[in-house]
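So the chains spell out like this:
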Amino acid sequence: MSNCQTCSSAAQCGVSAHASVNQMHERTKELGVTTVFDRYQQQQPQCGFGMQGICCQLCSHGPCRITPKAPQGICGATADTIVARNLVRLESHGIAAYTHHLEEILKTIKATAQGKTPYTIGDEQKLREIAGVVGLDTTKPTNALAEELADVMLHELRKGSDEPLALVKLFAPKTRLEAWEKLGIIPGGPLSELRDAMTKTMSNIDTDPVDLLLTALRLAISTGYMGLVGTITMQDILLGTPSLTKSEADLGIIDEENVNIVAHGHVPLVATAVIKAAESKEMQELAKKAGAKGIKVYGSMCTGQELMQRSATSAKGYAGQLGNWITQEFMIATGAVDLVMMDMNCSIPGMKAVADKFHTKLVSVDRILRMAGVEDHVDYEPEKVSEQAKELIKMAIKQYKQRDKSSVVIPKGKAPAVAGFSVETILGALGGSLDPLLDAVKQGAIKGIAAVVGCTNNRNGHDSQGLTIMRELIKNDVLVIAAGCMSSASQIERLQTPEAAEEAGEGLKAVCKMLGIPPVLNFGSCVDIGRIGVAVTAIANALGVDPSQLPVVASAPEYLEQKAVADGVFAVAFGLLTHIGPVPPVTGSALVTKILTEDVESLTGGKVLVEENPVEAARKMLEHINQKRAALGI
């Protein structure tokens, strides 16, 4: 938390931007439990070689570290090679996770089409639209068409790296395709691209840092059009495209009179089934028999955001969002959480130590997730998920009976939030055309659009960087779209309410009040960054320009893990100025740093902006937006 520690207000602030988390952090200290904040301090000072990306552990000669005395590894690899190679390997982990998510969705659509799950096709119109684009016969019955489209996507997922990815060819702006073809980075199937990237980054195969960075761009495009756009499109077809809804956020929404279940992770399939099962008479009676008023299913991290986005439809009954990555230990510290369902990534081992202080049961609901000490696994199977949902609820009821009511401490904070935004929602609010939005941009009421997305990170204070950037941007009439952990950050601080328009500049405030929308729009989870790509493509097509010419920027102000690396490189490939904080582990190579922050702009139109001062970062993004406006003559 280096920046926070130098701030004049540091003594008055807690470790988090949120009062609820600060309160629970004090509680964990009283309980003698270490949390992410305490362990961060225990790790100081952190390894400078790792921070700069100049440590290589690929062979048994190593680890090698680059220093002025030893400017090459034992094999002769330079800092440029090691940094570029490490970056591609980080990104590869990201695309691997996204493809797992997509494959789970496709597997579920096929089982649903065969009548073997509790789900139904949630957006038939989108199913037929996408099926038509990929060349399928859209007159077929819904389930037959859904199964056929899932098979097409599975083929795309697994096709060779020498076969161009169809979704890129079909959905990318023509100007983007031209730029990527010149660079030779039109990707094939993401699993083949992942295989190639991991092979290239083995010791002594691809040691050319420039080629490795081109590989990073190619991987990112594959991630963007399959891992992001492909996943959200198929998820919408299955669970429904988000629609406008109202919800609540923060730890204060936990109701101690209910059996409380938390859906935590990124894939909302099990959680959607549990919400549906929890409404059944059978489960409600079991809960009441145990002494509870009923059953509530809350969200944490991106699974929660997915549920919130669909809380008017397939996730009706969702009880609200508790928080983001850093909140996971502190929601358990309330003593009122009976069961946490952990799906896919971002379940930290530290949760187990807090759960052991209370009655809370942790259960993995994805076959790839395991945690030391957690013995209950209800691994998702589409054909069995109805029974799995009941099993999970019964486990939660059993834990509720063991809850020590005297140990429950729930912070008071709770915030309303308007959610459910998507390209379709925005078009609906604007009467079916983007023209009113484009007119507001042309006239300067909205100066530009910023996607403030990605993870949270306590290196500079939990959510403080992201919130400062969002507030600086809306104050300067920049419409903010949030996704991932940044969605929770803005929800808890009430930036996703129409009333937050009072914090915006006069132009943006007037637009928000006219439409009744917040100045920070919730697009959902981190995978919904793909939805932002779709929106930017629609705006670029409507104006007849390339995405790189738009007054649009991206910011991942508190990026944390590998999926965010893939997202960030995709934004650069897509032509956007992409602010990243904290400083990514590339500064050990002057060549890689220069290419990412300067040279790549002449190739893709995008580049990385590294700036850890949030006010200064917002100023530089605003300066970029104004330059793009001037170039467009608006």
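Procedures and definitions
Residues numbered from 1 in each chain as written. Predicted model: local features only at pLDDT ≥ 70, side-chain atom pairs only at ≥ 80, totals over all residues. Heavy atoms only, no water. Helix = DSSP H or I, 4+ residues; strand = E, 2+ residues; numbered from the N terminus. Rg over C-alpha atoms; globule rule 2.2 N^0.38 Å. Buried < 20%, exposed > 50% of the residue type's maximum accessible area, 1.4 Å probe, protein only. Contact = heavy atoms within 4.5 Å. Areas by Shrake-Rupley, 256 points an atom, 1.4 Å probe, with all protein chains shown as cover. Lys, Arg positive; Asp, Glu negative; His and termini not counted. Charge placed at Lys NZ, Arg CZ, Asp CG, Glu CD. 1 Å grid on protein atoms, 1.4 Å probe; cavity = no way out; pocket = protein on both sides within 12 Å on 5 of 7 lines; lining within 4 Å. Points joined across faces, edges and corners; volume = space filled by probe spheres on them. Nonpolar A, V, L, I, M, F, W, Y, C, P; charged D, E, K, R; others polar. Pairing = 2+ DSSP bridges. Phe/Tyr/Trp six-rings, centres within 6.5 Å; stacked < 30°, edge-to-face > 60°. Salt bridge = Lys/Arg side-chain N within 4 Å of Asp/Glu carboxyl O. Arc of directions from axis to C-beta. Polar contact = N/O pair within 3.5 Å; in protein donor to acceptor, adjacent residues only side chain to side chain. Axes fitted to C-alpha atoms, helices over the stretch in contact; angles between N-to-C directions. Core = buried A, V, L, I, M, F, W, Y, C linked by side-chain atoms within 4.5 Å. Parallel < 35°, antiparallel > 145°, perpendicular 65-115°, else oblique.

Peer 1: How would you explain the overall build of the protein if you had to name every residue and give the values?
Peer 2: Per the secondary structure count, the protein includes 27 helices and 16 strands. Relative to its length of 634 residues, the protein is compact, with a C-alpha radius of gyration of 24 Å against a globular reference of 26 Å. Once the C-alpha set of the protein is aligned to its principal axes, its extents read approximately 65 × 65 × 55 Å. Taking all 634 residues of the protein together, the buried fraction comes to 61%. Sequence-distant contacts in the protein: of pairs separated by 6 or more residues, those separated by 24 or more amount to 76%. Carbon and sulfur atoms make up 52% of the accessible area of the protein, which amounts to about 23400 Å² in all. Placing the 61 positive and 70 negative side-chain charges of the protein at their respective mean positions leaves the two points 3 Å apart.

Peer 1: Give a detailed account of the layout of surface pockets, specifying residues and quantitative values.
Peer 2: Considering only enclosed or pocket space, the largest pocket measures out at about 810 Å³ in volume. For the lining of the largest pocket, the secondary structure elements donating two or more residues are helix H3 (36–42), helix H4 (48–52) and helix H24 (562–573). Looking at the lining of the largest pocket residue by residue, the classes come out as 15 nonpolar, nine polar and four charged.

Peer 1: Give me the lowdown on the pairing of strand E12 (residues 478–484), citing residues and values where you can.
Peer 2: The side chains of a regular strand alternate between both faces of the sheet. Burial analysis of E12 places seven of its seven residues in the buried class, which makes it a mostly covered element. Where strand E11 (residues 448–454) and E12 come together, seven bridges link them in parallel fashion. In the sheet register, Ala450 faces E12, and the bridge partner there is Val480. By the bridge criterion, three bridges tie E12 to strand E13 (residues 520–522) in an arrangement that is parallel. Bridging across to E13, Ala482 finds its partner in Asn522.

Peer 1: With reference to specific residues and values, describe the environment of Val586.
Peer 2: Structurally, Val586 can be placed in the loop between strand E15 (577–580) and helix H25 (590–599). The buried category is assigned to Val586, whose relative accessible area is 6%. C-alpha of Val586 to C-alpha of Asn86: the two residues are 500 residues apart in sequence and 8.7 Å apart in space. Apart from the residues within four sequence positions on either side, Val586 is in contact with Met51, Gln52, Val83, Leu87, Val592, Thr593 and Leu596.

Peer 1: Residue-level account of the packing of aromatic side chains, with values.
Peer 2: Per the stated rule, a full pass over the model turns up four aromatic pairs. Ring geometry for Phe37 and Phe330: centres 5.5 Å apart, planes at 25°, overall stacked. Of this pair, Phe37 sits in helix H3 while Phe330 sits in helix H15 (residues 328–332), and the two are 293 residues apart along the sequence. The class for Phe37 is buried, based on a relative accessible area of 2%. Residue Phe330 is classed as buried on the basis of its relative accessible area of 0%. Summarising the aromatic geometry, the rings of Tyr225 and Phe570 are spaced 5.8 Å apart at their centres and angled 85° between planes, so their arrangement reads as edge-to-face. Placement of the pair is Tyr225 in helix H11 (residues 209–239) and Phe570 in helix H24, with a sequence separation of 345 residues. Take Tyr225 and Phe570: they sit in the same class, and that class is buried. Counting every residue linked through ring pairs, the aromatic cluster contains Trp180, Tyr225, Phe570 and Phe574.

Peer 1: So what's going on with the pattern of salt bridges? Which residues, and what values?
Peer 2: On inspection of all chains with the given rule, the structure shows 40 salt bridges. For Lys509, the salt bridge is made with Glu506, and the minimal N-O distance between the two is 3.4 Å. One end of the pair, Lys509, and the other, Glu506, are both in helix H22 (residues 506–515), three residues apart, so they sit about a helical turn from each other. A single network of salt bridges, built from pairs that share partners, joins Lys126, Asp236, Glu306, Arg310, Glu424, Asp528 and Arg531.

Peer 1: Give a detailed account of the environment of Phe421, specifying residues and quantitative values.
Peer 2: For Phe421, the position within the fold is in the loop between strand E10 (415–419) and helix H18 (423–429). Among the residues examined, Phe421 registers a relative accessible area of 4% and is labelled buried. Taking the C-alpha atoms as reference, Phe421 lies 22 Å from Gly568; in sequence the two are 147 residues apart. The residues touching Phe421, leaving out its near neighbours within four places in the chain, are Pro242, Leu244, Gln309, Ile426, Ile517, Pro518, Leu521, Asn522, Phe523 and Arg531.

Peer 1: Explain unusual backbone geometry to me, and be specific about the residues and the numbers.
Peer 2: Residue Pro45 is bonded to the preceding Gln44 through a cis peptide linkage, with omega at -10°. Here Pro45 lies in the loop between H3 and H4. Along the chain, Gly62 connects to Pro63 via a cis peptide bond; the corresponding omega equals 5°. Mapping Pro63 onto the fold places it in the loop between strand E1 (55–56) and strand E2 (64–65). Of note in this structure, Asp250 is not a glycine but carries a positive phi near 100°. With a phi close to 65°, Asp477 is a non-glycine residue in the positive phi region. On the secondary structure map, Asp477 appears in the loop between helix H20 (464–475) and E12. Note on Asp477: relative accessible area 12%, which makes it buried.

Peer 1: An account of helix H6 (residues 124–133) is needed here, citing residue identities and associated values.
Peer 2: Residues Lys126, Leu127, Ile130 and Ala131 constitute the buried set of H6. Down the axis of H6, the buried set is contained in an arc of 130°. They therefore lie on one face. In this structure, the buried residues of H6 make contact with helix H7 (142–158), helix H8 (166–171), H11, H18 and helix H23 (529–543). The opening residue of H6 is Asp123, an N-cap whose side-chain oxygen sits 3.3 Å from the backbone nitrogen of Gln125. Directly beyond the C-terminal end of H6, a positive phi value near 95° is found at Gly135.

Peer 1: Can you tell me about the sheet that holds strand E14 (residues 552–556), naming the residues and giving the values?
Peer 2: Pairing is parallel in the open sheet, where six strands are placed in the order E13-E12-E11-E14-E15-E16. Each having just a single partner strand, E13 and strand E16 (607–610) make up the two edges of the open sheet. Averaged over all pairs of adjacent strands, the angle between strand axes in this sheet comes to 25°, irrespective of strand direction. Contacts from H23 reach E11, E12 and E14 within the one sheet, and its direction differs from that of E11 by about 165°. Strands in contact with H24 are E14, E15 and E16; relative to E15, the strand with the most contacts, it is inclined by about 155°.

Peer 1: Go over the nonpolar core with me, naming the residues and quoting the values.
Peer 2: Core analysis: the largest hydrophobic core is formed by 175 residues, its most contacted members being Trp180, Tyr225, Met341 and Leu392. Val337, Met351, Val408 and Cys485 belong to the second largest nonpolar core, which has 36 residues in total.

Peer 1: Tell me about the packing of H11 against H24, residues and numbers included.
Peer 2: For the pair H11 and H24, interaxial distance at closest approach is 8 Å and the crossing angle is 100°. With respect to their mutual orientation, H11 and H24 come out roughly perpendicular. Two secondary-structure elements touch here, H11 through Ala216, Leu217, Ala220, Ile221, Thr223, Gly224, Tyr225 and Leu228 and H24 through Ala566, Asp567, Val569, Phe570 and Ala573. Here the residues of the contact of H11 with H24 are counted per class, giving 10 nonpolar, two polar and one charged.

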